[in-house]
Amino acid sequence: MPEETYAEELDYLVNYTHESLVYFDIVRDAAENIAGPGSTEHQIQQVTLRLVSDMIERGVKVGEPSSNADEDLVAWDLPKDEILIRIAKEMAVREDPGDFIDICWFRSG
C-alpha cells in the first residue's frame, strides 16, 4: 500500500468531515483507491478499517445521521475497537459493496 497515497486520502477525509457529514461510501472509495487495481474485497475492507481507525484518532466521530436540526450526527458511544468491529461485521453481512452506504457516517466535532 503506497503510504503517500494513504496519507493524502486520510488528510482529505478528515478535512472533508470538518466541512460536511461524510457517508461510508466515500471512505470505502478512498480505501479502494489506496488498495489499487486488482485488490481483493478483503484487502479493500482492511484498508477501510485502517482509515476509520486513523480518522477516529484524529477526532472524527462515527455514527448515524441525526433528525435534529441542531446536529447532523448522533455519534456512537463506543470505544474505537468496538466501532471497528461493528463496521467490520456490517461489511461482512452485506454482499454488495454498493449496500455499504448506510453502515455509518462521519463528522469532525
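See the structure shown above.
Report on the accompanying structure.

On to the pattern of salt bridges, then. Overall, the coordinates contain eight salt bridges when judged by the stated rule. A salt bridge links Glu90 to Arg94; its shortest N-O distance comes to 2.6 Å. Connected through shared salt-bridge partners, Glu3, Arg50 and Asp54 make up one network.

Once that is clear, we can look at the packing of aromatic side chains. Both the distance between ring centres and the angle between the ring planes are used here to describe each pair of aromatic rings. Here the structure, examined in full by the defined rule, presents four aromatic pairs. An aromatic cluster of at least three residues, connected via ring pairs, comprises Phe24, Phe100 and Phe106. Of note, Arg50 hangs over the ring of Tyr6, and the distance from its end group to the ring centre comes to 3.8 Å.

This part covers a negative patch on the surface. Residues Glu95, Asp96, Asp99 and Asp102 make up a contiguous surface patch of negative charge. For Glu95, the position within the fold is in the loop between helix 4 (80–93) and strand 4 (105–108). Exposure remark for Glu95: the relative accessible area of 83% places this residue in the exposed category.

Looking now at the environment of Ser53. Note on placement: Ser53 falls in helix 3 (residues 41–57). When its relative accessible area of 13% is taken as the criterion, Ser53 is described as buried. When the C-alpha atoms of Ser53 and Asp102 are compared, they prove to be 18 Å apart, with 49 residues separating the residues in sequence. Discounting residues that sit within four places of it in the chain, Ser53 has contacts with Lys80 and Leu84.

For the rest of this paragraph, the subject is the pairing of strand 4. Residue alternation in strand 4 divides its side chains into two sets, Trp105 and Arg107 and Phe106 and Ser108, and both sets are buried. Pairing analysis gives two bridges linking strand 1 (residues 22–23) to strand 4, with the strands arranged antiparallel. Residue pairing across strands places Tyr23 opposite Trp105, the latter belonging to strand 4. Relative to strand 4, strand 2 (residues 60–65) runs antiparallel, the two being bridged by four bridges. If you follow Val60 over to strand 4, its bridge partner there is Ser108.

By the secondary structure assignment, Glu9 is in helix 1 (residues 3–19). Buried within the structure, Glu9 lacks any salt-bridge partner; its nearest side chain of opposite charge belongs to Arg58, at an N-O separation of 11 Å. What Glu9 contacts, discounting residues up to four positions off in sequence, is Ala30, Asn33 and Ile34.

The interhelical angle for the contact between helix 3 and helix 4, taken along N-to-C directions, is 150°, at an axis separation of 10 Å. Looking at the two axes, helix 3 sits roughly antiparallel to helix 4. Of the two elements, helix 3 crosses helix 4, and the hand of that crossing is right-handed. Packed against helix 3, whose contacting residues are Gln45, Thr48, Leu49, Val52, Ser53, Ile56 and Glu57, the element helix 4 presents Lys80, Ile83, Leu84, Ile87, Ala88 and Met91 at the interface. Looking at the contact of helix 3 with helix 4, its residues break down into eight nonpolar, three polar and two charged.

Quick notes on the rules
- Each chain has its residues counted from 1, running along the sequence as written.
- Selection of residues for local features in this predicted model requires a pLDDT of at least 70, selection of side-chain atom pairs for listing and counting requires 80 or more, and totals for whole chains, interfaces and linings are taken over all residues.
- Only hydrogens and water are set aside; all other atoms, that is, all heavy atoms of the structure, feed into the side-chain values.
- The working definition used for a salt bridge is a side-chain nitrogen of Lys or Arg within 4 Å of a carboxyl oxygen of Asp or Glu.
- Pairing of aromatic rings covers Phe, Tyr and Trp, the last through its six-membered ring, and needs centres within 6.5 Å; plane angles under 30 degrees mean stacked, over 60 mean edge-to-face, and all others mean tilted.
- Lysine and arginine charges are scored as sitting over a ring when NZ or CZ, respectively, is within 6 Å of the ring centre and within 35 degrees of the ring normal.
- Patch membership requires over 30% relative accessible area and the absence of a salt bridge. Like charges are linked within 9 Å, and nonpolar side chains (Val, Leu, Ile, Met, Phe, Trp, Tyr) within 5 Å.
- Under the convention used here, a 1.4 Å probe and the Shrake-Rupley method define accessible areas, while residue burial counts only the protein chains that appear.
- Counting rule for charge: Lys and Arg are taken as positive, Asp and Glu as negative, and neither His nor the chain ends is counted.
- We put the charge of a Lys on NZ, of an Arg on CZ, of an Asp on CG and of a Glu on CD.
- What counts as a helix is a DSSP run of H or I of at least four residues, what counts as a strand is a run of E of at least two, and both are numbered from the N terminus.
- Each residue is placed in one exposure class: buried if its accessible area under a 1.4 Å probe, protein chains only, is under 20% of its type's maximum, exposed if it is over 50%, and partly exposed if it falls in between.
- Contact definition: two residues touch when any of their heavy atoms are within 4.5 Å.
- When DSSP finds two or more bridges between a pair of strands, those strands are recorded as paired.
- Interaxial angle, 0 to 180 degrees, is taken between N-to-C directions of lines fitted to C-alpha atoms, where a helix line uses only the stretch in contact.
- Roughly parallel here means an angle under 35 degrees, roughly antiparallel means over 145, roughly perpendicular means 65 to 115, and every remaining angle is called oblique.
- Should the near helix be turned counterclockwise from the far one by less than a right angle, the crossing is left-handed, whereas a clockwise turn marks it as right-handed.
- Each residue is assigned to one of three groups, with Ala, Val, Leu, Ile, Met, Phe, Trp, Tyr, Cys and Pro labelled nonpolar, Asp, Glu, Lys and Arg labelled charged, and all others, Gly among them, labelled polar.

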